[in-house]
Amino acid sequence: MPISRDLEDIRTDPERAVGRIGRRNICSKVTMAALQRRPGSSALLCFLLGILWEASASQLSYSVREEMEEGAFVGDIAKDLGLEPRELLDRGARIVSRGKKQHFALDVRTGSLVTADRIDREKLCGRISACTVNIEILLEDKVKIYEIEVEITDVNDNIPSFGTEEREIKISESAMPGARYPLPEAFDLDVGVNSLQKYKLSSNHHFSLHVQNGREDAKYPELVLERALDREEEPVHHLTLTAFDGGNPAGSATVSILVTVLDANDNAPEFTQSQYSVSVPENVPMRTCLLRVNATDRDEGMNGDVSYYFRKITEKTSQLFELNALTGDITVLENLDYEECNFYEIDIEARDGAGFLARAKVLVKILDVNDNAPDVTITSVTSSISENSAAGSVIAFFNVHDKDSGENGQVTCSIPEHLPFKLEKSYGNYYSLVTDRALDREQVSMYNVTVTATDGGNPPLSTFIHISLHIEDTNDNPPVFVQTSYSAYVMENNPRGTSIYSLTALDPDIGENGHITYSITDDSVHGAPLSSYVSINSETGILYALRSFDYEQFRELKLGVTAKDSGDPPLSTNVSLTLFILDQNDNAPEILYPAFPTDGSSGVELAPRSAEPGYLVTKVVAVDADSGQNAWLSYRLLKATEPGLFSVGLHSGEIKTVRAFLDKDTLKQRLIVVVTDNGELPLSATVSITIAVADSIPEILSELSNPEAPDDLKDSSLTLYLVIAVAVISCLFFTFIVILLALRLHRWRTSKLLGASSGHFGNIHSSQFVGIDGVKAFLQTHTQEVSLTTDSRKSQLIFLGPSYADTLSIQQNSDKKEPPFIPHESILSNEDQSFQDLLFSDASSIPNNSNGELQATFDMVIPSHAADKA
């Protein structure tokens, strides 16, 4: 509390200033005495000493009367702390609750401490003379605690009470004047001047009132016999005892005293002890007998019978203990609680049959046992913290308290050792849970911290609180690719928009910090921007081709891909990607030689008529723009004026003579050579070569002056011949099938007849019969396959060698133990080559199909005797 305010209160209202310092009782008394003698001298000195002592303890003291209305002003917290009222709200000032009922509230708008409800001092502190309530105010911005002490001053809100309306006192008529008899005592819950102050007895002729002062200002009224009694004169005396407190106005209570005069009974009960003491643990079972009190009376009969009763006992005490009126046993009715009350002082009395009384005290001391686990009250806690928070950041601020005393109330707090946190003890029993080292969300994203509060009892009791802490992500990790570089293979002539590769980067961060976008670094390829060749999906990392690649244009494409997260600031990683273009057979062979003349003339190669077999006439030179096996070229003779006269090297393309020239060979030989690559779908190109066979130039010129028949006419004649040949072959084949079936039927019938009469033909030689083997020599099958095209790049002509098959193949499929018999004269000789030349001399006139190709298969069945004529 500021000194200036206290000095001002000293000048204006000294008693109020002294009353506000509830803790410094001695100083307050000295100050009051000094103020009465010399105001402003020693009182000021003592007060200043108290203020300095209080300021050193960082404690503010106030006082308030009980029974004040809710919201009553207690003190100006903001002013006494040197703050503006609005600062309390800005700094998060609040009263720390430990789970108990709060009797005061902090008005952060005005900075005042006010009452939260109507305070009953007697319920709060009982008979304690100085009733103080300690509250703690927390400033959350600096995590600082201020302790406030509020003294609850008493008001006269309770009147004395006797607990009964009438008390009967029996007095023997033989009692001597001066005898004293205990009267019922009044009980006032107030303290100080408001408590019980005096008793008053109604006027009478035989009795007077004497009040005996006891410990702690206790007053025990006694009825004093002033004059001897005479039962026969007045057997009953009616008195009224009135109790007064010191309030203004004073409260009072009355009780009727009924004095019954008995026959002589000159002995009162006597206790064996004036005071009984017992110590019991607080966990003593109910209905346990604590002790037995004993009082004796030397009288006999009814006057010697003693009974025991509680006197001047509170309602709470009467609920806890029971006194057996006959035996004097004091037993426990309910569970005792050291933390609620650790000491009970019980007044008992013993009465005999005549009404004589004896008094004694029973002191019950409650021993503490470790029956309360520590209480942990979390004052401030955060549920999340950034992973880049510095070490020492406060996570939680809590208070520990144990209701037990001594070692049972000493509490230690701990957390698991492997966690990156530690506990720091701050003011009083307050602890702070702070970070001990750097945090990493990618390793641990959430912590469940268990704080254990353990007391020092035996066995110890513990309380656990669990604090869940989420680690907030910061952008501290860039995206990471699995590889430092990537390579992909793309077939050329790919469709536009085709996905060609997928890149994936990983970012251990979450949310926007882990959201990755992909992009291609700016570059150029052959003068064109890289973005015109490929694009990448910024979300998925899938790479798309924007144009069709050409292996012959470039064979690889290098690009850089950037993966960037969405953090603030963003982090990125680059990776290189190489696209290898794979070759596809998309280029046909190109003929370099012989090249077509540009002057319109036809190129002619010369071959002397005297050339020997193997003579190199010319060489076809071709190239293919593709690579690998797609560029492997093979050469084949597709058509020749004189088949069998020239040959072409399969891989070299060299045209050589196969035999020597004959006189019948024409001077002008025309060759068609096809060049085919080795692709999966092979492509080809053809070239026409004219070879002049002559020994002199004039002979060549004369031959060239006689033009040959057009190829179209030759082709037309060949087509007509082929159609006629197919029709004839079909008729022959049908006739052959009919004959074959007839022979089969005839053989079946013959076998049946032979089986029936096998003995009639035993002497006949088997050669006299004409069997199936004879038919084998009758017919032969000659097969040729022709495949022609009009397209020079795709034309093919395949000559299959003649193949011969058994005309009775249906029969021989099931039994092929013997090879078919084919007469030698049925095979076409070399002289029959003219027949083949007649069929295949010019295929250009054969009509092609939709693909530009003509394919025909001829199965010729020719009688063996017709082979020579052919």
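Bear in mind that the values here come from a model prediction, so they are computed numbers and not experimental data.

Enquirer: Which parts of the structure should I look at to understand the overall build of the chain?
Expert: Helix and strand counts for the chain stand at 14 helices and 53 strands. Burial statistics for the chain: of 870 residues in total, 41% are counted as buried. Pairs at least 24 residues apart make up 68% of the contacts formed inside the chain by residues separated by at least 6 positions. Total accessible area on the chain stands at roughly 47800 Å², and carbon and sulfur atoms take up 52% of it.

Enquirer: I tried to follow the sheet that holds strand β5 (residues 112-115) on my own but got confused; where do I start?
Expert: Think of a sheet as strands paired side by side through backbone hydrogen bonds, with each pair either parallel or antiparallel. Spatial strand order, β2-β5-β4: three strands in an open sheet with antiparallel pairing. A strand with exactly one partner marks an edge of an open sheet, and here the two such strands are β2 (73-76) and β4 (104-107). Averaged over all neighbouring strand pairs, the angle between strand axes comes to 25 degrees, with direction disregarded. Across three bridges, β2 lies against β5 in antiparallel orientation. Bridge pairing in β5 places Gly 75 opposite Leu 113.

Enquirer: Please clarify how a nonpolar patch on the surface should be interpreted in this entry.
Expert: On the surface, Leu 720, Tyr 721, Ile 724, Val 728 and Leu 732 cluster together into a nonpolar patch covering about 440 Å² of accessible area. Along the polypeptide, Leu 732 turns up in helix α10 (residues 711-756).

Enquirer: When you look at a negative patch on the surface in this model, what are you seeing that I'm missing?
Expert: Taken together, Asp 230, Glu 232, Glu 233 and Glu 234 make up a surface patch of like negative charges. Turning to its location among the elements, Glu 234 is positioned in the loop between β12 (219-225) and β13 (236-245).

Enquirer: How should I be thinking about the nonpolar core in this particular structure?
Expert: When a protein is soluble and globular, its nonpolar side chains tend to lie buried together. With 29 residues, the main nonpolar core has Val 534, Phe 549, Leu 557, Leu 559 and Leu 579 as its most contacted residues. Secondary structure elements with two or more residues in this core: β33 (485-491), β36 (516-520), β39 (534-536), β40 (542-545), β41 (556-565) and β42 (572-582). Not counting residues within four places of it along the chain, the set of residues in contact with Leu 559 comprises Ile 520, Leu 530, Val 534, Leu 543, Val 575, Ser 576, Leu 577 and Leu 579. Core analysis: the next-biggest nonpolar cluster, separate from the first, contains 27 residues, Val 278, Val 306, Ala 350 and Val 362 among them.

Enquirer: In this structure, what is going on with the environment of Glu 472? I would like to understand it.
Expert: Checked against the element boundaries, Glu 472 lands in strand β31 (residues 462-472). Apart from residues lying up to four places away in sequence, Glu 472 is in contact with Ser 384, Ile 385, Ser 386, Glu 387 and Arg 441. A distance of 2.8 Å separates polar atoms of two side chains, one belonging to Glu 472 and the other to Ser 384.

Enquirer: Teacher, can you tell me more about unusual backbone geometry here?
Expert: Between Asn 458 and the following residue, Pro 459, the backbone shows a cis peptide bond with an omega angle of 0 degrees. Assignment of secondary structure puts Pro 459 in the loop between β30 (446-455) and β31. A cis amide bond links Tyr 593 with the next residue in sequence, Pro 594, at an omega value of 0 degrees. Structurally, Pro 594 is set in the loop between β43 (590-593) and β44 (604-607). Even without glycine at this site, Glu 67 takes up a positive phi of about 65 degrees. By the secondary structure assignment, Glu 67 is in the loop between β1 (59-65) and β2.

Enquirer: Can you walk me through the environment of Leu 419 in this structure?
Expert: Relative to the assigned elements, Leu 419 resides in the loop between β27 (411-414) and β28 (421-425). Between the C-alpha atom of Leu 419 and that of Thr 435, which follows or precedes it by 16 residues, the distance is 9.1 Å. If near-sequence neighbours (up to four positions away) are discounted, Leu 419 is found in contact with Arg 437, Tyr 447 and Val 449.

Enquirer: I'm lost on the sheet that holds strand β21 (residues 329-332) in this one. Help?
Expert: With respect to topology, three strands assemble into an open sheet ordered β17-β21-β20, the strand pairing being antiparallel. Every interior strand has two partners, whereas the edge strands, β17 (289-292) and β20 (321-323), have only one. In this sheet, neighbouring strand axes are inclined to one another by 20 degrees on average, regardless of whether the strands run parallel or antiparallel. Across three bridges, β20 lies against β21 in antiparallel orientation. From the neighbouring strand, Leu 323 faces β21, where its bridge partner is Ile 330.

Enquirer: Can you walk me through the side chain of Asp 677 in this structure?
Expert: Among the secondary structure elements, Asp 677 is positioned in the loop between β50 (668-676) and β51 (684-693). Given a relative accessible area of 4%, Asp 677 falls into the buried group. Of the polar contacts made by the side chain of Asp 677, one reaches the backbone nitrogen of Gly 679; its length is 3.5 Å. Within the local environment of Asp 677, its side chain forms a polar contact with the backbone nitrogen of Leu 683, the two atoms lying 2.8 Å apart. Aside from chain neighbours lying at most four places away, what touches Asp 677 is Asn 585, Asn 587, Pro 589, Asp 624, Asn 630, Trp 632, Leu 633, Pro 682 and Leu 683.

Enquirer: Even after reading the chapter, I still don't get the state of the cysteines, so can you show me in this structure?
Expert: Defined simply, a disulfide is a covalent bond joining two cysteines at their sulfur atoms. Under the counting rule described, the total for this entry stands at one disulfide. With a sulfur-sulfur separation of 1.8 Å, Cys 125 is cross-linked through a disulfide to Cys 131. When the S-S torsion is 60 degrees, as for the bridge of Cys 125 with Cys 131, the disulfide is right-handed. A single burial state applies to Cys 125 and to Cys 131, both of which are buried.

Enquirer: What's the story with the environment of Ser 256 in this structure? I'm lost.
Expert: Here Ser 256 shows up in strand β14 (residues 252-262). In this structure Ser 256 touches Glu 165, Glu 166, Arg 167 and Leu 239, once residues within four positions along its chain are discounted.

Enquirer: Looking at this structure, I do not really get the packing of aromatic side chains. What am I missing?
Expert: Both the distance between ring centres and the angle between the ring planes are used here to describe each pair of aromatic rings. For the structure on display, the rule yields 13 aromatic pairs. Plain terms: the ring middles of Phe 162 and Tyr 199 are 6.3 Å apart, the flat faces sit at 50 degrees to each other, and that makes the pair tilted. One end of the pair, Phe 162, is in the loop between β7 (144-153) and β8 (166-172); the other, Tyr 199, is in strand β10 (residues 196-201), with 37 residues separating them in the sequence. Like Tyr 199, Phe 162 is buried. Three or more aromatic residues link up through ring pairs in this structure, and these residues are Phe 397, Tyr 427 and Tyr 430. The ring centre of Tyr 533 lies 4.1 Å from the NZ or CZ of Arg 547, which sits over that ring.

Enquirer: Teacher, can you tell me more about the pattern of salt bridges here?
Expert: Note on pairing: side chains with opposite charge can pair once their charged atoms come close. Following the criterion strictly, the structure yields 22 salt bridges and no others. A salt bridge links Glu 69 to Arg 118; the nearest nitrogen and oxygen atoms lie 2.7 Å apart. Of this pair, Glu 69 sits in the loop between β1 and β2 while Arg 118 sits in the loop between β5 and α7 (121-125), and the two are 49 residues apart along the sequence. Accessibility expressed as a relative area gives 44% for Arg 118, which makes it partly exposed. Connected via shared salt-bridge partners are Glu 185, Arg 311, Lys 312, Glu 349 and Arg 351.

Enquirer: I would appreciate a short explanation of the confidence of the model for the chain in the present structure.
Expert: Summing up the model confidence of the chain, the mean pLDDT is 77 and the portion of residues at 70 or higher is 76%. Here residues 1-57 is modelled with pLDDT under 50, and outside its nearest four sequence neighbours on either side it reaches 66 contacts, counting other chains as well. Long-range and interchain partners of residues 758-870, a stretch whose pLDDT sits below 50, account for 165 contacts in this model, where long-range means more than four residues apart.

Calculation rules
Along each chain, residues carry numbers from 1 onward, in the same order as the chain's sequence is written. Thresholds applied to this predicted model are a pLDDT of at least 70 for local features of residues and 80 or more for the giving and counting of side-chain atom pairs; totals over whole chains, interfaces and linings are not thresholded and use all residues. Hydrogens and water are ignored here; the side-chain numbers use all heavy atoms of the structure. Each helix is a run of H or I in the DSSP string that is no shorter than four residues. Each strand is a run of E no shorter than two, and both are numbered from the N terminus. Relative accessibility under 20% of the residue-type maximum defines a buried residue, over 50% an exposed one, and the middle range a partly exposed one, all with a 1.4 Å probe and only protein chains included. Residues are treated as being in contact if the distance between any of their heavy atoms lies within 4.5 Å. What sets the accessible areas is the Shrake-Rupley method with a 1.4 Å probe; for residues, cover comes only from the shown protein chains. At least two DSSP bridges between two strands are needed for those strands to be called paired. Here an angle of 0 to 180 degrees is reported between the N-to-C directions of two axes, which are lines fitted to C-alpha atoms, with helices fitted over the stretch in contact. Only residues whose relative accessible area exceeds 30% and that form no salt bridge enter a patch; like-charged residues are grouped when within 9 Å of one another, and nonpolar side chains (Val, Leu, Ile, Met, Phe, Trp, Tyr) when within 5 Å. A side-chain nitrogen of Lys or Arg and a carboxyl oxygen of Asp or Glu constitute a salt bridge if their distance falls within 4 Å. Only four residue types enter the charge count, namely Lys and Arg as positive and Asp and Glu as negative; His and the chain termini do not. By convention, charge coordinates are those of NZ in Lys, CZ in Arg, CG in Asp, or CD in Glu. We define a nonpolar core as any set of buried Ala, Val, Leu, Ile, Met, Phe, Trp, Tyr and Cys residues linked to one another through side-chain atoms lying within 4.5 Å. Definition of a polar contact: a pair of N or O atoms within 3.5 Å, with one able to donate and the other able to accept a hydrogen when the atoms are protein atoms, and with sequence-neighbouring residues admitted only if both atoms are side-chain atoms. Two cysteine sulfur atoms form a disulfide, by the criterion used here, when they sit within 2.5 Å. Pairing of aromatic side chains here covers Phe, Tyr and the six-membered ring of Trp, requires ring centres within 6.5 Å, and sorts the geometry by plane angle: under 30 degrees stacked, over 60 edge-to-face, intermediate tilted. Our definition puts a charge over a ring when NZ of Lys or CZ of Arg is within 6 Å of the ring centre and also within 35 degrees of the ring normal. Per-residue confidence from the prediction method is given by pLDDT, with values spanning 0 to 100.

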